[in-house]
Amino acid sequence: MSADRVAIVTGASRGIGAAVARELSAQGLSLVLTARSRAELDALAAQLPRPALAIDADLSEPAAAARIVEATLAHYGRLDAVVNNAGATPRGDFLKFSDADWDAGFALKFFGAVRLCRAAWPALVVSGGGAIVNIAGIGGRTGNAEFAIGGSVNAALLNLTKALADRGVGDGVRVNAVNPSSIATERTQVRIDAIARERDLDPAQAAHELARKLGVARFGEPAEIARVVAFLVSDAASYMQGAIVDVDGGQTRTL
Ligand SMILES: NC(=O)c1ccc[n+]([C@@H]2O[C@H](COP(=O)([O-])OP(=O)(O)OC[C@H]3O[C@@H](n4cnc5c(N)ncnc54)[C@H](OP(=O)(O)O)[C@@H]3O)[C@@H](O)[C@H]2O)c1
């Protein structure tokens, strides 16, 4: 049995997930890091101050979530928190997306989270202070023509957050969500590079143009999401249940 609290972080190989792993490890949690890229997970695990077990898995595969939870319990003997972060929904023209594109978007980010929550739930109840944080995205609140799949997936994940928070009231598991936007990760760099190509701009000009279009002063850093996630996992957020927290530099201007 591990003395530390134990958290699973999905999509931990880079971007927001890697930043969440760094922050939770610095806060004293032992971790399970999961994504498909084993080499990146091993490299991150080696840098962290607390124990970290790397498990490579494709979370869009139905059996992956249960396997990750089994390995976690076999290794640490407990599980206290899950951060559902893995996601890779494409942007594009609604009329050009196929059924396969929609299936892939939901298979990873939504059903991956559904299955991991279901597999982890009994251990989170036993923990006595179990917590789930779902990393959704502001597209779940505000529709956007270019982001039909991602927005729909995020909206579904936000509703799942509320449904599991309701269950968690009785079971003693806190379930909350964070909506990032405009975070400086590879996903955002892909958008900046596309603008640079389309408009014949250099990367700095294209980044400035995208920030201006989104109505934010700058892009956020992954660590700025990670600190909020660590707060929601911690006892400091002990009365937060079903909260949806926008961490978006002010991009969402509606209630
Ligand atoms: N960046 C933003 O501005 C932003 C805004 C709103 C919402 N979000 C959300 O925040 C989350 C993280 O975003 P990010 O920008 O950090 O993304 P990212 O840099 O593209 O990283 C995505 C992570 O998900 C993992 N992943 C992808 N496909 C997977 C699969 N089939 N099975 C398991 N893991 C898989 C990737 O690892 P492998 O490739 O190694 O599998 C990687 O660790 C996503 O859910 C995203 O929708 C981000």
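Cut-off values and rules
Residues numbered from 1 in each chain as written. Predicted model: local features only at pLDDT ≥ 70, side-chain atom pairs only at ≥ 80, totals over all residues. Heavy atoms only, no water. UniProt positions renumbered as here; feature names shortened; annotations may be inferred. Near = heavy atom within 4 Å. Polar contact = N/O pair within 3.5 Å; in protein donor to acceptor, adjacent residues only side chain to side chain. Areas by Shrake-Rupley, 256 points an atom, 1.4 Å probe, with all protein chains shown as cover. Nonpolar A, V, L, I, M, F, W, Y, C, P; charged D, E, K, R; others polar. Salt bridge = Lys/Arg side-chain N within 4 Å of Asp/Glu carboxyl O. Helix = DSSP H or I, 4+ residues; strand = E, 2+ residues; numbered from the N terminus. Buried < 20%, exposed > 50% of the residue type's maximum accessible area, 1.4 Å probe, protein only. Pairing = 2+ DSSP bridges. Axes fitted to C-alpha atoms, helices over the stretch in contact; angles between N-to-C directions. Contact = heavy atoms within 4.5 Å. Arc of directions from axis to C-beta.

Under the annotation held in an unreviewed UniProt entry, the protein chain carries the name 3-oxoacyl-[acyl-carrier protein] reductase and is attributed to Lysobacter capsici AZ78. Per its UniProt entry, the protein chain bears the Sequence similarities (unreviewed entry) comment "Belongs to the short-chain dehydrogenases/reductases (SDR) family."

Enquirer: Talk me through the site of the ligand; I want residue IDs and the actual numbers.
Expert: Within the structure, the ligand sits among 27 residues, and S13, R36, S37, N85 and T185 are positioned closest to it. One nitrogen or oxygen atom from the side chain of R36 is found 2.7 Å from an oxygen atom belonging to the ligand. With respect to the ligand, the side chain of K109 contributes an N or O atom lying 2.8 Å from an oxygen atom. Out of a free accessible area of 890 Å², the ligand has 93% covered by protein chains. Residues belonging to the shell around the ligand are distributed by class as follows: 11 nonpolar, 11 polar and five charged.

Enquirer: Which residues make up the pattern of salt bridges, and what values do they have?
Expert: The tally for this structure, following the rule as stated, stands at 10 salt bridges. A salt bridge links E186 to R14, with the nearest nitrogen and oxygen atoms 3.7 Å apart. Linking E186 in helix α6 (residues 186–199) with R14 in the loop between β1 (6–10) and α1 (15–26), this pair joins segments that are 172 residues apart in sequence. What makes E186 exposed here is its relative accessible area of 54%. Across the salt bridge formed by R199 and E209, the nearest N and O atoms sit 3.6 Å from each other.

Enquirer: Can you break down the sheet that holds strand β2 (residues 30–35) residue by residue, with the values?
Expert: A sheet is described by the order of its strands in space; here seven strands give the open sequence β3-β2-β1-β4-β5-β6-β7, paired in parallel fashion. Every interior strand has two partners, whereas the edge strands, β3 (52–56) and β7 (244–247), have only one. Sheet twist, expressed as the mean angle between neighbouring strand axes with direction ignored, is 15°. Packing against the sheet, α1 makes contact with β1, β2, β4 (81–84) and β6 (173–180), and its axis sits at approximately 165° to β1.

Enquirer: Break down helix α2 (residues 38–47) for me, with residues and values.
Expert: Burial in α2 covers these residues: L41, L44 and A45. The buried residues of α2 occupy one face: seen down the axis, they fall within an arc of 100°. The outward face of α2, more than 90 degrees from its buried face, is lined by the exposed residues A39, A46 and Q47. Contact partners of the buried residues in α2: α1, β2 and β3.

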